Amino acid sequence: MAFREYKVGARMFGFSLGTSMCITILFPSFDMRSAVSTEVALDKQLVAGWDAGWNLSDPLMTGANKPVKVLLKNDPKTGQPLEQPTSAYVYPPGAWMPNAVGHPNNLGAGVEGLSVNQGRIGEAKKEGGAVFVIKAAQGGQPAYIENATATKGWIPGDVLKSVPDEDVAHIGAGKTMFVREGCWWCHTLLPEQTQDWQVFGAPPMLGDFNGESPTAFGSDRKGPDLLHVGSRNASKEWMMLHFFNPRLVQPHSIMPRFDYLWGSVDANGQKIDYDKWRAEYTDYREGKNPTPPDVPVPAKNSEARALIDFILSLK
Amino acid sequence: MLKYLFAKNEDIPAGSAAIFFGFSSIVWFVIGTGLGSFNAAKLAFPDFVTGNEFFAFGHMRQVHVHAVIFGWISMAFAMAMMYITPALGNTRLWSEKLGMWNCFLWNVGLSLGLTLLWAGITSGREYSDFPWPIDLYIACFIAIPLATNVWMTVLTRRTQGIYTTNWFFTAATFMVIIVFVVGNTPEFFHLTGLTEAYMTWWFAHNVLGLWITPVAAAIAYYTIPKVTGNPLYSHRIGHLHFWSVVVFYSTPAAHHLMSAPLPEWLKSFASVEGVLILVPAIAFVSNIMLTMQGKWNMFVENLEVRFTVTGCLLAIPLNMQGGFQQTRAINWYVHGTGWIVAHAHLALLGFSTFLEGAAVYLGLQTLMKRKLYSLTLGNMHFWLLLIGFSIYWISMTIAGLIQGAGKIYEVPYIDVVIAEHPYMIARWIGGTMVFISNVLWLYNMWMTAREGTVVPVGRMPHEMAYER
Ligand code: HEM
């Protein structure tokens, strides 16, 4: 039995749903597409790389194939000191390029053109890797991305060799940890426009997200907003203690322990004995020990280190 | 049951798919609420089971949410559709075999998806957390077969018109496919930035508004007239409900992101449309309440009616909250607090769970032709569920108001955490009652299947007396 008597209804239905889709998807997309990347957005997109959620370049979400951000004091090609220390975003060979490379309409009018024409980002290729820098805004010209491999001949391997480990920040891998560990179920990355300025800092602007994925705004706060946490608290040591066991620095915290992100060995290559640590910590809680046990320093390539790098980068 | 997967369609007894779906949904309900109660314990006592990522809150939360939405709620919907659609069309389900496969693939896919989420493999987008291959799987092996079965059953019906419930079923099974495919475009096509954030909430809003809410309401349009014997009070009001869902409920997605830098016109539009959601809500609740005229004794005496009417009554505070908390005047106070968590549970654990619970009770008894094993257990299920939910809702609402006050008076965050602690414990206690009630339910239904009194041909289970 066909829908003879329902023909009108079916048409009305299509019309209503279609109109609703136009208003809620098509029209807003015009506005959102016209957003122009701010410098904040360029930085976010370059530190995190292609995607920090599940994707084919990092299927197990271990932080594989992610860029690192380094602070350069010398030109890695010539060895000459730079006029001022410069941040560079190093994509080792195999890391997927950031979204602006190969994705049209990503950076917004002006920035897109400058990055492609002046910054030569179109020449960056996954196979060889690339080094990007942000060309700061000057005069009326907005900030844009420069592919330093093409313009200055900086090679990812050389750049990484030329900087000491403390100037390397594994922010991209750290953002993957942030997504994987569900920090965003308790923390937002979105101070509210109405009342959060004083405590959590300025809310983000329209162009602050171009190319970022996922934005991990979070919806449900059980802890403070973290968008600017690095400017409230820049202590690596505090973060280290707090992630290992939040109750070490904040006895009333309900934040979970993230000690398992330390992996099996610490920075000195010593095996971490979690059972012993927990036993000693229990003694401390029960008042049998005056001080808590020491927290191991995370190894250079541990997930905990990446996470701390990411959190401290949230300025 | 598995033998029917490879049987000929004609050889599968009518109702098998629905029974299979019904039991799966109850099992997922037990699992989902068990996980919920575990999460609640973690928030109340953070050192309860630590040192392992598989028991970390951040790994378990999304598993709970997806187990209850895709396991309990949606499978109970599928059960209701496979039972009610043919009953209203005076026909058999178009394909029992497709239904069986649908249920089998649903369980397999959901288990796989939840395992991935548990391991932290997530897209990082709330409510569309599944990585995109799982999203595609859900669209192809869960949503499309279900829609096909419902649509074909309606098309091959042996009645003249289509009853209200079936308008909703056909429309919702269609819309959920659209919502799934369009809502996940950011992952399929790697759209980023604000577009991605907005589409995340477009998906989340519409999966609630165009799938969960209308289907739950459609179920009540069947159960109340069927069990009370009263005809639906007004088909016109049913029309109003249907069309206002399509027009108003599909538009306010942006009200979830009132503090993000979305276009201002979009936020204002969303919050006006959000208030208009009161139109379908009032239409629905009044229609059901008026259908109850003269049969209010059944609210006390009959389990299915009691579940359904409780669900409808809970829709009143739900929609009042929903309509107003998303306006700019109120949203800034409650956004991102426990208030919203309370609201989410009022919608899913209150309103929709009670309506589906009734459908699963009624459907399983009718299809298995067995009277419910024990009324006492049924009553315990109802009261534990209702009291547990109320404790949950009240405690989280209070916690949310404390958080809201903390946020505008700029109280150091840790003081808010301390102030919320008693309510976190209360929530855990309430949630655990819900979990226990579901274990009782599973036992009761299992015993019904095995030992329930046989219902004679031509009689409905609710016409018979309980034996225990
Ligand atoms: C045993 C009973 C339950 C308990 C203890 C429980 C507990 C929880 C907890 C602790 C959360 C995290 C909330 C937060 O982030 O603050 C949560 C979230 C959620 N639960 Fe439950 N839950 C229960 C039952 C249910 C049921 C039956 C449903 C649906 C049918 C449900 C749907 C949800 C949803 C949708 C969320 C996400 C809320 C949001 O994003 O704000 N829960 N639940």
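Residues numbered from 1 in each chain as written. Chains lettered and ligands numbered in written order. Predicted model: local features only at pLDDT ≥ 70, side-chain atom pairs only at ≥ 80, totals over all residues. Heavy atoms only, no water.

Undergrad: Give a description of the overall build of chain B that names residues and reports values.
TA: When its secondary structure is counted, chain B shows 16 helices and 0 strands. A compact globule built from 468 residues would reach a C-alpha radius of gyration of about 23 Å, and chain B, at 22 Å, matches this within 12%. Within chain B, the fraction of its 468 residues that count as buried is 65%. Taking the contacts inside chain B whose residues are at least 6 apart along the sequence as the reference set, 83% of them involve residues at least 24 apart. Here chain B has roughly 15,600 Å² of accessible surface; of this, 72% comes from carbon and sulfur atoms. (Helix = DSSP H or I, 4+ residues; strand = E, 2+ residues; numbered from the N terminus. Rg over C-alpha atoms; globule rule 2.2 N^0.38 Å. Buried < 20%, exposed > 50% of the residue type's maximum accessible area, 1.4 Å probe, protein only. Contact = heavy atoms within 4.5 Å. Areas by Shrake-Rupley, 256 points an atom, 1.4 Å probe, with all protein chains shown as cover.)

Undergrad: Explain the coordination of the iron atom of the ligand residue by residue, including any values.
TA: Residue and element names in this part refer to chain B. The protein atoms that coordinate the iron atom of the ligand are His64 (NE2) and His345 (NE2), at distances of 2.0 Å. Taken together, the 6 donor atoms coordinating the iron atom of the ligand and their angles of 85 to 180° define a geometry best described as octahedral. Residue His64 is located in helix α2 (residues 57–89), and its partner His345 is located in helix α14 (residues 338–368); the two are separated by 281 residues in the primary sequence. Residue class for His64 comes out buried when judged on its relative accessible area of 14%. In this structure His345 comes out as buried when scored by relative accessible area, which is 17%. (Donors = N, O, S within 2.8 Å, 3.2 Å for Na, K, Ca; no water. Tetrahedral: all angles 85-135°; square planar, octahedral: opposite > 155°, others 65-115°.)

Undergrad: Give a description of the sheet that holds strand β2 (residues 81–91) of chain A that names residues and reports values.
TA: Residues and elements named next belong to chain A. In spatial order, the strands read β4-β3-β2-β1-β5; together these 5 strands make up an open sheet with antiparallel pairing. Here the strands that pair on one side only, and so sit at the sheet edges, are β4 (144–147) and β5 (168–169). Summarising the sheet, strand β1 (residues 68–74) and β5 pair through 2 bridges and their orientation is antiparallel. In the sheet register, Val70 faces β5, and the bridge partner there is Val168. (Pairing = 2+ DSSP bridges.)

Undergrad: Which residues make up the confidence of the model for chain B, and what values go with them?
TA: For chain B, the average pLDDT comes to 95, and 100% of its residues sit at 70 or higher. Interface confidence for the predicted complex, given as ipTM, is 0.94, next to a pTM of 0.95. (pLDDT = per-residue confidence, 0-100.)

Undergrad: I'd like a rundown of the pattern of salt bridges, residues and numbers included.
TA: Residue and element names in this part refer to chain A. In total, this model carries 28 salt bridges over all chains according to the counting rule given. The closest approach of N and O atoms between Glu123 and Arg120, which form a salt bridge, is 3.0 Å. Judged by relative accessible area, Arg120 falls into the partly exposed class, the value being 31%. Salt-bridge contacts for Asp225 lead to Arg221; the nearest nitrogen and oxygen are separated by 3.5 Å. Residue class for Asp225 comes out buried when judged on its relative accessible area of 0%. In this structure Arg221 comes out as buried when scored by relative accessible area, which is 5%. (Salt bridge = Lys/Arg side-chain N within 4 Å of Asp/Glu carboxyl O.)

Undergrad: So, the packing of helix α12 (residues 303–325) of chain B against α14 of chain B: which residues are in play, and what are the values?
TA: Residues and elements named next belong to chain B. Relative orientation of the contacting elements α12 and α14 amounts to 155°, with a least axis distance of 8 Å. Classified by the interaxial angle, the pair formed by α12 and α14 is roughly antiparallel. Crossing of α12 over α14 shows left-handed handedness. Class assignment of the residues belonging to the contact of α12 with α14 gives a composition of 17 nonpolar, 9 polar and 1 charged. (Axes fitted to C-alpha atoms, helices over the stretch in contact; angles between N-to-C directions. Parallel < 35°, antiparallel > 145°, perpendicular 65-115°, else oblique. Left-handed = near helix turned anticlockwise from the far one by under 90°. Nonpolar A, V, L, I, M, F, W, Y, C, P; charged D, E, K, R; others polar.)

Undergrad: Talk me through the state of the cysteines; I want residue IDs and the actual numbers.
TA: Taken as a whole, this structure holds 0 disulfides over all chains when the rule is applied. Here Cys183 of chain A stays unpaired: no disulfide links it, and the sulfur of Cys186 of chain A, its closest cysteine neighbor, is 8.5 Å away. Judged by relative accessible area, which is 13%, Cys183 of chain A ranks as buried. Unpaired in terms of disulfides, Cys140 of chain B finds its nearest cysteine sulfur in Cys103 of chain B, a separation of 18 Å. (Disulfide = S-S within 2.5 Å.)

Undergrad: Please provide a residue-by-residue account of the packing of aromatic side chains, values included.
TA: Per the counting criterion, the structure on display carries 47 aromatic pairs over all chains. Both rings, one in Phe13 of chain A and one in Phe174 of chain B, keep their centres 6.1 Å apart while their planes meet at 55°; by these two values the pair is tilted. Taken together, the residues Phe13 of chain A in helix α1 (residues 7–33) and Phe174 of chain B in helix α5 (residues 164–183) connect one chain to another. Note on Tyr137 of chain B and Phe141 of chain B: the rings are 5.0 Å apart at their centroids and 55° apart in plane angle, and the pair reads as tilted. Placement of both Tyr137 of chain B and Phe141 of chain B in helix α4 (residues 132–155) is noted, with a separation of 4 residues, approximately one turn of the helix. Phe141 of chain B sits in the partly exposed class, given a relative accessible area of 38%. (Phe/Tyr/Trp six-rings, centres within 6.5 Å; stacked < 30°, edge-to-face > 60°.)

Undergrad: How would you sum up the interface of chain A and chain B? Please name residues and give values.
TA: Facing 73 residues of chain A, the contacting portion of chain B comprises 81 residues. Inspection of the region where chain A meets chain B yields 4 salt bridges. A salt bridge links Lys407 of chain B to Glu192 of chain A, with the shortest nitrogen-to-oxygen separation between them at 3.1 Å. Looking at the side of chain A that touches chain B, the elements with two or more residues in it are α1, α6 (171–180) and α7 (197–200) of chain A.

Undergrad: If you had to explain the side chain of Arg221 of chain A to someone new, which residues and values would you point to?
TA: Along the chain, Arg221 of chain A turns up in the loop between α7 and α8 (229–232). Side chain to side chain, Arg221 of chain A and Asp196 of chain A meet in a polar contact 2.8 Å long. In this view, Arg221 of chain A contacts Cys186, Thr188, Leu190, Pro191, Glu192, Asp196 and Phe200 of chain A together with Gly336, Gln403, Lys407 and Tyr413 of chain B; residues no more than four positions away in its chain are not counted. (Polar contact = N/O pair within 3.5 Å; in protein donor to acceptor, adjacent residues only side chain to side chain.)

Undergrad: So what's going on with the packing of α1 of chain A against helix α7 (residues 193–228) of chain B? Residues and values would help.
TA: Taken N-terminus to C-terminus, the directions of α1 of chain A and α7 of chain B make an angle of 165°; their axes are 10 Å apart at the nearest point. In this view, α1 of chain A runs roughly antiparallel relative to α7 of chain B, as classed from their interaxial angle. As for how α1 of chain A packs across α7 of chain B, the hand of that crossing is right-handed. Residues Leu17, Met21, Thr24, Ile25, Pro28 and Met32 of chain A of α1 of chain A touch α7 of chain B, and the partners they reach there are Leu194, Thr195, Tyr198, Met199, Trp202 and Leu210 of chain B. When grouped by side-chain class, the residues that make up the contact of α1 of chain A with α7 of chain B number 10 nonpolar, 2 polar and no charged.

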